[in-house]
Amino acid sequence: MQDIAEQLQAWHASGRSFAVATVVGVSGSAPRDPGAALAVDAAGEAVGSVSGGCVEGAVYELCQAAVESGEPVLERFGYSDEDAFAVGLTCGGILDVFVQPVVPGADAGMDAGLALIADGTPVALARIIAGPAGMLGATIAVTATGQHGALSVGPSTVGALERSLVAEARAMLDAGRTGRIVLGLDGRPCDEHGQGTVTCFVESYVPAPRMLVFGAIDFAAAVVRIGKFLGYHVTVCDARPVFATTRRFPEADEVVVDWPHRYLDSQLGRIDGRTVLCVLTHDAKFDVPLLERALRLPVGYVGAMGSRRTHRDRRAKLREAGLTDAELARLRSPIGLDLGSRTPEETAVSVAAEIVAHRRGGSCLPLSAGDGPIHHDAAAAAEEPQAARRTDAA
């Protein structure tokens, strides 16, 4: 809902009822990730998307019905072999969509959640999407220090369920994760859906991930542009004030004049596992102190520009500084995928492709070269519960 939060908050502030359809589960080659949302107000105006077009019309109708009835619904869409024009996903995947009516002032959790999302405050919106009658659609907005809303319906054990749901949602917020969890009515995590369980969908809304670009060179300008396109909050840092200017990098969110390693030291509270570092200076006096720190931090990606000779020399200096083989193995250098890039723009595409592949678990091979899953991270996520059970059993 983050993409359409401004419009939802405008509807909410005006007292207008609406329904939100959210992708809460995907299987196979589905077009959108969990969390994608389409909303329709009482007048029929629509914002957002859940499928890129495949089932949009059917979901729109479900939203209209939910606004009229006031009842939430969980619907599954999949490909129809018998009729290619039937409502379904022509890509062959399966999409679970939860449609929830929203009446301003009727749900404290949803009211607070929408306001916090629109305000940019980190929040996890936890909603019950399957379970006993009367609990469907119950919503709690969870922040780092508190909660809004409560599970005021259901069995007498609802207090334990609520405490467990808030704890799970807060943990997912800390990690910036969105996904489903299954809990028993007593609040204990469950492996399988079934009688006496509730299925909850937790959406984490956190600030945009950060991209730190070190080196105010022409290649950096192109990396900044593609970083913004990918949704990153982009900072350019260089110790040379003549190069590190907002005029040269108008699309950057921040331009900082400082020594790269010193600036990184000042940002430890603002970086996380989603942060990517692109080191483009290829100058040892800047790179080595910076990489010595970066490769020991829990960031998502560290790449450094330079020739293979520069990379060998840099690795030797980093090893002398005390970095281990495991720490050095995290360094992506020379930065980017082998696309034959020459221009700054082509190089930026190469860098961005490597970042996406590293984040999503891609093979970096042409899709036409294989017949396996297109979305590697979705396949891995589907295997996680089984892997966790195997680990517990061991």
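About the cut-offs
Residues numbered from 1 in each chain as written. Predicted model: local features only at pLDDT ≥ 70, side-chain atom pairs only at ≥ 80, totals over all residues. Heavy atoms only, no water. Buried < 20%, exposed > 50% of the residue type's maximum accessible area, 1.4 Å probe, protein only. Helix = DSSP H or I, 4+ residues; strand = E, 2+ residues; numbered from the N terminus. Pairing = 2+ DSSP bridges. Contact = heavy atoms within 4.5 Å. Axes fitted to C-alpha atoms, helices over the stretch in contact; angles between N-to-C directions. Parallel < 35°, antiparallel > 145°, perpendicular 65-115°, else oblique. Left-handed = near helix turned anticlockwise from the far one by under 90°. Nonpolar A, V, L, I, M, F, W, Y, C, P; charged D, E, K, R; others polar. Core = buried A, V, L, I, M, F, W, Y, C linked by side-chain atoms within 4.5 Å. Patch = residues over 30% accessible without salt bridge, like charges linked within 9 Å, V, L, I, M, F, W, Y side chains within 5 Å. Areas by Shrake-Rupley, 256 points an atom, 1.4 Å probe, with all protein chains shown as cover. Salt bridge = Lys/Arg side-chain N within 4 Å of Asp/Glu carboxyl O.

Draft legend 1. A look at the pairing of strand β2 (residues 37-41). Buried residues dominate β2, accounting for five of its five residues. Residues A37, A39 and D41 point to one face of β2 and L38 and V40 to the other, with burial holding for every one of them. Summarising the sheet, β2 and strand β3 (residues 46-48) pair through three bridges and their orientation is antiparallel. Within the sheet, the bridge partner assigned to V40 lies in β3 and is A46. In textbook terms, the turn of a hairpin is the stretch between consecutive antiparallel strands, and for β2 and β3 this stretch comprises four residues, one of which, G44, has a positive phi near 95°.

Draft legend 2. Fine view of the sheet that holds strand β8 (residues 147-148). The strand order across the open sheet formed by five strands is β8-β7-β6-β10-β9, and the pairing between neighbours is antiparallel. Strands with a single pairing partner mark the edges of an open sheet, and in this sheet they are β8 and β9 (179-184). Examined bridge by bridge, strand β6 (residues 123-130) and strand β10 (residues 197-205) share seven bridges and lie antiparallel to one another. For A124, the partnering residue across the bridge sits in β10 and is S204. Packing against the sheet, helix α3 (residues 108-119) makes contact with β6, β7 (139-142), β8 and β10, and its axis sits at approximately 140° to β6. The sheet contacts of helix α4 (residues 158-175) involve β6, β7, β8, β9 and β10, and relative to β9 the element is tilted by about 155°.

Draft legend 3. Layout of the packing of helix α7 (residues 284-294) against helix α8 (residues 308-320). Close contact between α7 and α8 brings their axes to 10 Å; oriented N to C, the two are set at 50°. Put simply, α7 runs oblique to α8. Here α7 and α8 pass one another in a crossing that is right-handed. Facing A284, D287, V288, L291 and E292 of α7, the residues of α8 in contact are R314, K317 and L318. Considering only residue class, the contact of α7 with α8 consists of four nonpolar, no polar and four charged.

Draft legend 4. Looking closely at the nonpolar core. By size, the foremost hydrophobic cluster in this structure holds 26 residues, and its most contacted members are M211, V213, F249, C278, L280 and I355. Within the residue set of this core, elements represented by two or more residues are β11 (210-214), α5 (218-229), β12 (233-238), β14 (276-279) and α10 (344-360). With six residues, α5 is the largest single contributor of residues to this core. Filtering out sequence-adjacent residues up to four positions away, V213 remains in contact with A220, V223, V224, V234, T235, V236, C237, C278 and L280. Residues I271, L277, A294 and L297 belong to the second largest nonpolar core, which totals 22 residues.

Draft legend 5. Examining the packing of helix α1 (residues 5-13) against α3 more closely. The contact between α1 and α3 brings their axes to 9 Å, and the two run at 135°. The angle between the axes of α1 and α3 places the two elements in the oblique class. The two elements α1 and α3 cross, and the hand of that crossing is left-handed. Along the contact surface, α1 presents A5, L8, Q9 and H12, while α3 presents D111, L114, A115, I117 and A118. Among the residues making up the contact of α1 with α3, the classes are represented as six nonpolar, two polar and one charged.

Draft legend 6. Fine view of the sheet that holds β2. Overall, antiparallel pairing links the five strands, which are arranged β3-β2-β1-β5-β4 in an open sheet. The open sheet has two edge strands with one neighbour each: β3 and β4 (73-78). The mean angle between the axes of side-by-side strands here comes to 20°, regardless of whether they run parallel or antiparallel.

Draft legend 7. Looking closely at α7. Considered for burial, the residues of α7 that qualify are F286, D287, V288, L290, L291 and A294. Check the buried side of α7 and you find it contacts β11, α6 (260-266), β14, β15 (301-304), α8 and β16 (331-332).

Draft legend 8. Region of interest: a nonpolar patch on the surface. Judged by side-chain polarity, F229, L230 and V356 come together as a nonpolar surface patch covering roughly 300 Å² of accessible area. Mapping F229 onto the fold places it in helix α5. Classification of F229 as exposed rests on a relative accessible area of 70%.

Draft legend 9. The pattern of salt bridges, seen in detail. In the structure shown here, the tally under the stated rule is 20 salt bridges. Between D287 and R314 there is a salt bridge; the shortest N-O distance is 3.0 Å. Separated by 27 residues along the polypeptide, D287 in helix α7 and R314 in helix α8 bring together distant segments of the chain. Of the charged contacts, one joins E354 and R332 as a salt bridge, the two residues approaching to 3.9 Å between their closest N and O atoms.

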